[in-house]
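If you want the building blocks of each chain, they are given just below.
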Amino acid sequence: MRTPWLLLSVLTVACARTGAPPTVTPASGAAAGAAGNAEGGALSPGGEARGEGHGDGRGEGPSGAPGAPLAWASLEPATFARAQAEKRFLVIDGAAEWCHWCHVMEATTYHDPEVRKLLDARFVAVKVDVDARPDFEERYGDWGWPATILMTPDGKEVGKYRGYLRPERFLEILRAVTEEGGSAGAGAGAGAGAGAGVGVGAGAGAGAGAGAGAGVGVGVGVGVGVGVGVGVGARVMTEGEIDAARAWVEGELDSRWDAKEGGWGRPQKVPLAWDNAWELSRARAGDGAAKARVLFTLDRQRGIVDPVWGGICQYSTDGDWRHPHYEKLMTYEAGAIENYAQAYALTRDPAWLATAQAVRGFVDRFMTSPEGGFETTMDADLNAHDPSRPYVTGHDYYAKDDGGRRALGLPRVDTHEYGRENGLTIAAYVTLHEASGDPTALEAAKRAAARILATHATDGGGVSHGASGEGGKLLYLADNAAFGFGLARLFEVTHDPATLEAARRIAAVVVGSLQDATGGGFYASTPDPDAVGVFAARRKPFEDDVMAIRFLARMQRLAPSDAYRTAIARALPVVASRQAVEERGRMVGDLLLALDETRGVR
């Protein structure tokens, strides 16, 4: 899950993988007027957005207690064909299974009788599980979760809305679209889509912690001496330009340091693992100020580690670490294990190792399959998917001890084993083993690697998103870069030739099937010949491109290849441009690590 990971006057939050988004992209004309006061505010990295009440499940605001199941269409070409034949618009509900405000929106807004009546008459309603669809998650992570996307039957965006929408607000949006677009035949709403993806309200990113000015310069491929923007044609940065880029990005991150609460950015406090990892790297190099910052951050961050079960929560609201949002995402668990293990290696203070092992214990007990694969998420609330059982908010549930929780039941765990989540967690367990000497951590990493290779490996050498038959025909950069990275880390400890060969096969897919041969960098997925409308446009996601660079840097040291070196050199200008960094905001620790890790191999 990316992150995804997102508060302004209405305390909107989100947890998308990507950086702070623009506030809203409405339809034009009448629809634009209806969209002007959308609930969405700024987001923070991870994925969930909310529009009112407390997203930490304190019981205020509307309830997420589930209602009767609704009939949803799938996001596939047949659904667009149906909409075209019936002259309907599409409403796409991008939701995460673990997301509190996604549950609330389905329970209240989508079950509202007037909303249902209008949807049944004029729309095709589509639900997307964003964890199961990395292409959708990457494209719309800045808008949720939940993210509400309105489209014409030919796949043109009419409007994008962030977070929970009250029924009356949603009705305004739907009516505005139908009044402006009329019948949704071919070309309907063409004018309404104008400006889709363009940020309005450049300062909104401050709420996401991405910093004031996030979104400024969107669409301008300025490099400011540090390379070129996406799609401008590849060139190789000089070492001087890379050093200048690193200094500038480092300054951008330092400017977001929160001296009061630790971490980077406000008002939401998010355990940003790569920022922590970068500060730990600086500390290992002798930077005393970085050491003080990161240890202070990791200490304060313990406030969102569950004292009973040990998992780390996705983030905290209210500008501190005392108001956790209770969902558990494997990407965040992996980051916490990695960070606390590195802190122990740096200081030899057993308290850091105890925290790493507490988070690892949660993963082992609750989010590891019997076969050894690492699973995806645990819900924020209890029984959010089962209307036959009592609904319990996370705030009430996690206030109980172990016995009290188990008496009520366990929150739903998404048991899918995805390539990205497993790669990151394998790498974290390897780091834990290196720091502590714990052989069980290494054995768990080896078992997870074997599991994913047995169930996800493709004939062409890459890994699919889900197990065989679950992930569709596309290969995703997120899965291949992160799982390849995990294999490379595993080989560095085990020296197992089969592990290196599996990593080499994945690297060949990243370089051969996912690289942009013209502009440099890497696409989010292999081409989709069936894609409709905006989904046909291939994108280069910052976070996954950076992970691909870091993976190939390790491979270049383990099994040198001119193809790796060239791909790294051509990708760096894509992620190190001013535009890319400004859009990422506070989440640039991974880029700084990449700039360091590619020294001598680019």
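No experiment lies behind these values; they were computed from the predicted model shown.

Q: How do you make sense of the state of the cysteines when you look at a structure like this?
A: Each disulfide is one covalent bond, formed between the sulfur atoms of two cysteines. On inspection of all chains with the given rule, the structure shows one disulfide. The disulfide partner of C99 is C102, and the gap between their sulfur atoms is 2.4 Å. One disulfide, between C99 and C102, carries an S-S torsion of 85° and so falls in the right-handed class.

Q: Got a minute to help me understand the sheet that holds strand β5 (residues 147-151) in this structure?
A: Pairing between the strands of a sheet comes from backbone hydrogen bonds, and it takes one of two forms, parallel or antiparallel. The mixed open sheet is built from four strands, whose spatial order is β4-β3-β5-β6. Edge positions in the open sheet fall to β4 (123-129) and β6 (157-162), since each of these has one partner strand only. For this sheet, the mean angle separating the axes of adjacent strands, direction not counted, is 15°. Sheet analysis places strand β3 (residues 89-95) next to β5, joined by five bridges and oriented antiparallel. Along β5, the bridge assignment pairs L90 with M151. Its contacts with the sheet put helix α4 (residues 113-122) on β3 and β4, and the angle it makes with β4 is roughly 105°.

Q: So what exactly am I meant to see when it comes to the pairing of β3 here?
A: It is a general feature of regular strands that their side chains alternate between the two faces of the sheet. The element β3 is largely enclosed, with a buried count of seven among its seven residues. What you see with β3 is no split at all: F89, V91, D93 and A95 on one side and L90, I92 and G94 on the other are buried throughout. The pairing of β3 with β4 spans seven bridges and is classified as parallel. Looking across to β4, one finds that A95 is bridged to D129.

Q: I would appreciate a short explanation of the packing of aromatic side chains in the present structure.
A: Taken as a whole and assessed by the stated rule, the structure comprises 18 aromatic pairs. Measuring from ring centre to ring centre gives 4.5 Å for W309 and F366, while their planes differ by 35°; the resulting arrangement is tilted. Of this pair, W309 sits in the loop between α9 (288-301) and β7 (315-316) while F366 sits in helix α11 (residues 350-366), and the two are 57 residues apart along the sequence. Taking relative accessible area as the criterion, F366 reaches 9% and is therefore assigned buried.

Q: I tried to follow empty space enclosed by the protein on my own but got confused; where do I start?
A: Where empty space is left in the structure can be found by rolling a water-sized probe over the atoms. A volume near 180 Å³ is recorded for the second largest cavity. Lining the second largest cavity are 15 residues, and of these D135, R139, S525, F535 and A537 lie nearest its centre.

Q: What's the story with the layout of surface pockets in this structure? I'm lost.
A: The space that makes up the second largest pocket amounts to roughly 540 Å³. What lines the second largest pocket is a set of 24 residues, and nearest its centre among them are L75, E76, R133, D135 and Y476. Listed by contribution, the elements that provide at least two residues to the lining of the second largest pocket are α2 (77-86) and β4. It is β4 that provides the largest number of residues to the lining of the second largest pocket, a total of three residues.

Q: Even after reading the chapter, I still don't get the environment of G600, so can you show me in this structure?
A: You can see G600 is positioned in the segment after α21 (589-597). In the structure, G600 is positioned 44 residues away from Q556 in sequence and 9.6 Å away in space, judged by C-alpha atoms.

Q: Teacher, can you tell me more about the confidence of the model for the chain here?
A: Low pLDDT marks stretches whose predicted atomic positions should not be read closely. On average, residues of the chain score 84 in pLDDT, and 80% of them are at 70 or above. Segment residues 3-57 is flagged for pLDDT under 50; beyond a separation of four residues in sequence, or across chains, it makes 278 contacts in the model. Confidence drops under pLDDT 50 across residues 186-232; counting only partners more than four residues distant or on other chains, this segment forms 103 contacts.

Q: What is the right way to look at the side chain of E279 in this model?
A: Position of E279 relative to the elements: it lies in helix α8 (residues 273-284). Classification of E279 as buried rests on a relative accessible area of 0%. Setting aside anything within four residues of it in sequence, one finds E279 in contact with W264, A290, R293 and V294.

Q: How do you make sense of the sheet that holds strand β9 (residues 328-329) when you look at a structure like this?
A: Here three strands make up an open sheet; going across it, the order is β9-β10-β11 and the pairing antiparallel. The two strands at the open ends of the sheet, each matched to only one other strand, are β9 and β11 (413-414). Pairing between β9 and strand β10 (residues 377-378): two bridges, direction antiparallel. Each residue of the ladder has a partner; that of L329, found in β10, is T377.

Q: So what exactly am I meant to see when it comes to the environment of V511 here?
A: Mapped onto the elements of the fold, V511 is located in helix α17 (residues 497-513). As for V511 and T566, which are separated by 55 residues in sequence, their C-alpha atoms are 9.5 Å apart. Apart from residues lying up to four places away in sequence, V511 is in contact with L552, A563, Y564 and A567.

Q: I tried to follow the packing of helix α7 (residues 239-254) against α21 on my own but got confused; where do I start?
A: The relative placement of two packed helices comes down to the angle between their axes together with the axis-to-axis distance. The contact between α7 and α21 brings their axes to 10 Å, and the two run at 155°. With respect to α21, the axis of α7 lies roughly antiparallel. The handedness of the crossing between α7 and α21 comes out as left-handed. Taking contact as the criterion, the partners of I242, R246, V249, E250 and L253 in α7 are, on α21, L591, L592, L595 and D596. Its residues assigned to classes, the contact of α7 with α21 shows six nonpolar, no polar and three charged.

Q: Looking at this model, I keep getting lost on the pattern of salt bridges. Mind explaining?
A: Any two side chains of opposite charge can pair, so long as their charged atoms come close to each other. Applying the stated rule across the entire model yields 46 salt bridges. Between K156 and D154 there is a salt bridge, with its nearest N and O atoms 2.8 Å apart. Among the salt bridges present, the one from R266 reaches D258, with a minimum N-O distance of 3.0 Å. Its relative accessible area of 37% is what places R266 among the partly exposed residues. By relative accessible area, which is 7% here, D258 ends up buried. Put simply, D243, R246, E250, D254, E279, R282, D287, R293, D596 and R599 are held in one network by salt bridges that share partners.

Q: Can you walk me through the packing of helix α14 (residues 419-436) against helix α16 (residues 477-494) in this structure?
A: The N-to-C vectors of α14 and α16 enclose an angle of 25°; their axes lie 7 Å apart at closest approach. Classed by the angle they form, the pair α14 and α16 counts as roughly parallel. Both α14 and α16 take part in a crossing whose hand is left-handed. Of the residues in α16, those in contact with G419, R420, N422, G423, L424, I426, A427, V430, T431, H433 and E434 of α14 are A478, D479, A482, F483, F485, G486, R489, L490 and V493. Its residues assigned to classes, the contact of α14 with α16 comprises ten nonpolar, six polar and four charged.

Q: What is the right way to look at the environment of G585 in this model?
A: Its place among the elements puts G585 in the loop between α20 (578-584) and α21. Judged by relative accessible area, G585 falls into the buried class, the value being 2%. Each C-alpha atom of the pair G585 and E252 lies 7.9 Å from the other, and the pair is 333 residues apart in sequence.

Parameters at a glance
- Residues numbered from 1 in each chain as written.
- Predicted model: local features only at pLDDT ≥ 70, side-chain atom pairs only at ≥ 80, totals over all residues.
- Heavy atoms only, no water.
- Disulfide = S-S within 2.5 Å.
- Pairing = 2+ DSSP bridges.
- Helix = DSSP H or I, 4+ residues; strand = E, 2+ residues; numbered from the N terminus.
- Axes fitted to C-alpha atoms, helices over the stretch in contact; angles between N-to-C directions.
- Contact = heavy atoms within 4.5 Å.
- Buried < 20%, exposed > 50% of the residue type's maximum accessible area, 1.4 Å probe, protein only.
- Phe/Tyr/Trp six-rings, centres within 6.5 Å; stacked < 30°, edge-to-face > 60°.
- 1 Å grid on protein atoms, 1.4 Å probe; cavity = no way out; pocket = protein on both sides within 12 Å on 5 of 7 lines; lining within 4 Å.
- Points joined across faces, edges and corners; volume = space filled by probe spheres on them.
- pLDDT = per-residue confidence, 0-100.
- Parallel < 35°, antiparallel > 145°, perpendicular 65-115°, else oblique.
- Left-handed = near helix turned anticlockwise from the far one by under 90°.
- Nonpolar A, V, L, I, M, F, W, Y, C, P; charged D, E, K, R; others polar.
- Salt bridge = Lys/Arg side-chain N within 4 Å of Asp/Glu carboxyl O.

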